[in-house]
Amino acid sequence: LNTYLYILLAFIFITVMILALEYNKVNFRMTLWQLLGVFLLTLGVLVILMFTPVKYMIPKHLLWLLFVLLIGIIMYPMIRYTKNKDAILSALLTTIFLVVILSVVAFWKPEWISLSWGPVLFVLLLAGIILELTSIFIFGTHRDSSSYTYKAFMYFFIVLFMFYVLYDTKLLQIRAKLCKIPDYLNESLNLFLDIVNIFVRILALGR
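Along each chain, the written sequence defines residue order, and numbers are assigned to residues from 1. Local features in a predicted model are, by the rule used here, given only for residues with pLDDT of at least 70; side-chain atom pairs are given and counted only at 80 or more, and totals for whole chains, interfaces and linings are based on all residues. Here the side-chain values reflect all heavy atoms present in the structure, with hydrogen atoms and water set aside.

Draft legend 1. Representation of unusual backbone geometry within the structure. Although it is not a glycine, Lys25 adopts a positive phi angle of roughly 55°. By secondary structure assignment, the location of Lys25 is in the loop between α1 (2–23) and α2 (32–51). Assessed through its relative accessible area of 64%, Lys25 is described here as exposed. Segments assigned H or I by DSSP are reported as helices when at least four residues long, segments assigned E as strands when at least two residues long, and all are numbered from the N terminus. A 1.4 Å probe rolled over the protein chains alone gives each residue an accessible area, and that area as a share of the maximum for its type sets the label: buried under 20%, exposed over 50%, partly exposed in between.

Pasting the structure below:
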């Protein structure tokens, strides 16, 4: 329950930040290289956060807050410049629906989910990222959001992260039973990133 509350709190922080930026009409676009720089910074903060012991409660929470705000900064331009504003609500509701259904399945039938999925999902994720970066930097196919290649990548990652929601929920159940010193921040990160990726990919399809 605490893990899910941290996930909810993270999305509340992101929503408040995006609404504040939108209200103040903050107008900025990031180039591909700037986006890559922010992404690498976010990745660095994530790694430090994951390896910070839970006993350092205040620094760990500050790192978590910084990580969440960086995710919001990455998401803001996409939401700000989405021409079809109804697509944002549609992507949000679709994401919530998918996550609820997948979570119900994971808690109702945990035996359907195997920990052996982990290496397979990781290989698929790595391969997908490499192919997508190749598509962006070499072939430039992501410039056309109506192209079949662009849509194929979006659907691939949506399905992949749906399986990750099932897998990470299974891990959460196992760790909850074995837990002695809880680290709710680290436990929330995987599911939080799964949900963010599903939302962003669905929104990208609706733009």
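Draft legend 2. Just the packing of helix α4 (residues 86–108) against helix α6 (residues 148–178), in detail. For helices, the fitted line uses only the C-alpha atoms of the stretch in contact; every axis is such a line through C-alpha atoms, and the angle between N-to-C directions lies from 0 to 180 degrees. Relative to each other, α4 and α6 sit at 45°, their axes nearing to 9 Å. Between α4 and α6, the angle is such that the two are oblique. Along this stretch, α4 crosses α6, giving a crossing that reads as right-handed. In this structure, α4 contributes Leu98, Leu102, Val105, Ala106 and Phe107 to the contact, and α6 contributes Met162, Val165, Leu166, Thr169 and Gln173. The residue classification treats Ala, Val, Leu, Ile, Met, Phe, Trp, Tyr, Cys and Pro as nonpolar and Asp, Glu, Lys and Arg as charged. All others, Gly included, are polar. Per-class residue counts for the contact of α4 with α6 are eight nonpolar, two polar and no charged. Here is the rule for angles: anything less than 35 degrees is roughly parallel, anything more than 145 is roughly antiparallel, 65 through 115 is roughly perpendicular, and the remaining ranges are oblique. Note on convention: the crossing is left-handed when the near helix lies turned anticlockwise from the far helix by less than a right angle, right-handed when the turn is clockwise. The contact definition used throughout considers only heavy atoms, calling two residues in contact when any of these lie within 4.5 Å.

Draft legend 3. Geometry of the nonpolar core. Remark: nonpolar core denotes a set of buried residues (Ala, Val, Leu, Ile, Met, Phe, Trp, Tyr, Cys) joined through side-chain atoms within 4.5 Å. Counting residues in hydrophobic clusters, the biggest one holds 53 residues, and the most contacted among them are Trp64, Phe67, Met75, Phe192 and Leu203. Mapped by element, the contributors of at least two residues to this core are α1, α2, α3 (57–80), α4, α5 (117–139), α6 and α7 (184–206). By residue number, the principal contributor to this core is α6, which donates 13 residues. In this structure, Trp64 is in contact with Tyr6, Leu9, Ala10, Phe13, Leu49, Leu185, Ser188 and Leu189, ignoring residues within four places of it in sequence.

Draft legend 4. Just a nonpolar patch on the surface, in detail. Patch membership is restricted to residues that have no salt bridge and whose relative accessible area is over 30%. Joining uses 9 Å for like charges and 5 Å for the nonpolar side chains Val, Leu, Ile, Met, Phe, Trp and Tyr. All accessibility values rest on the Shrake-Rupley procedure with a 1.4 Å probe; residue burial counts only the protein chains present in the view. Should a side-chain nitrogen of Lys or Arg be within 4 Å of a carboxyl oxygen of Asp or Glu, the pair is scored as a salt bridge. Side chains of Leu89, Leu92, Leu93, Ile96, Val100, Val104, Trp108 and Trp112 sit close together on the surface and give an oily, nonpolar patch of about 860 Å² of accessible area. The residue Leu93 is located in helix α4 in this model.

Draft legend 5. Structural view of α4. Compared with an ideal rise of 1.5 Å per residue, which puts 23 residues at 33 Å, α4 spans 33 Å between its outermost C-alpha atoms and is within 8% of the ideal. Every buried residue belonging to α4 is among Ala87, Ile88, Ala91, Thr95, Leu98, Val99, Leu102, Ser103 and Ala106, and all of these are buried. Here the buried face of α4 lies against α1, α3, α6 and α7. By this rule the span expected of a helix is its residue count minus one, scaled by 1.5 Å.

Purely spatial values, then, with no claim about function.
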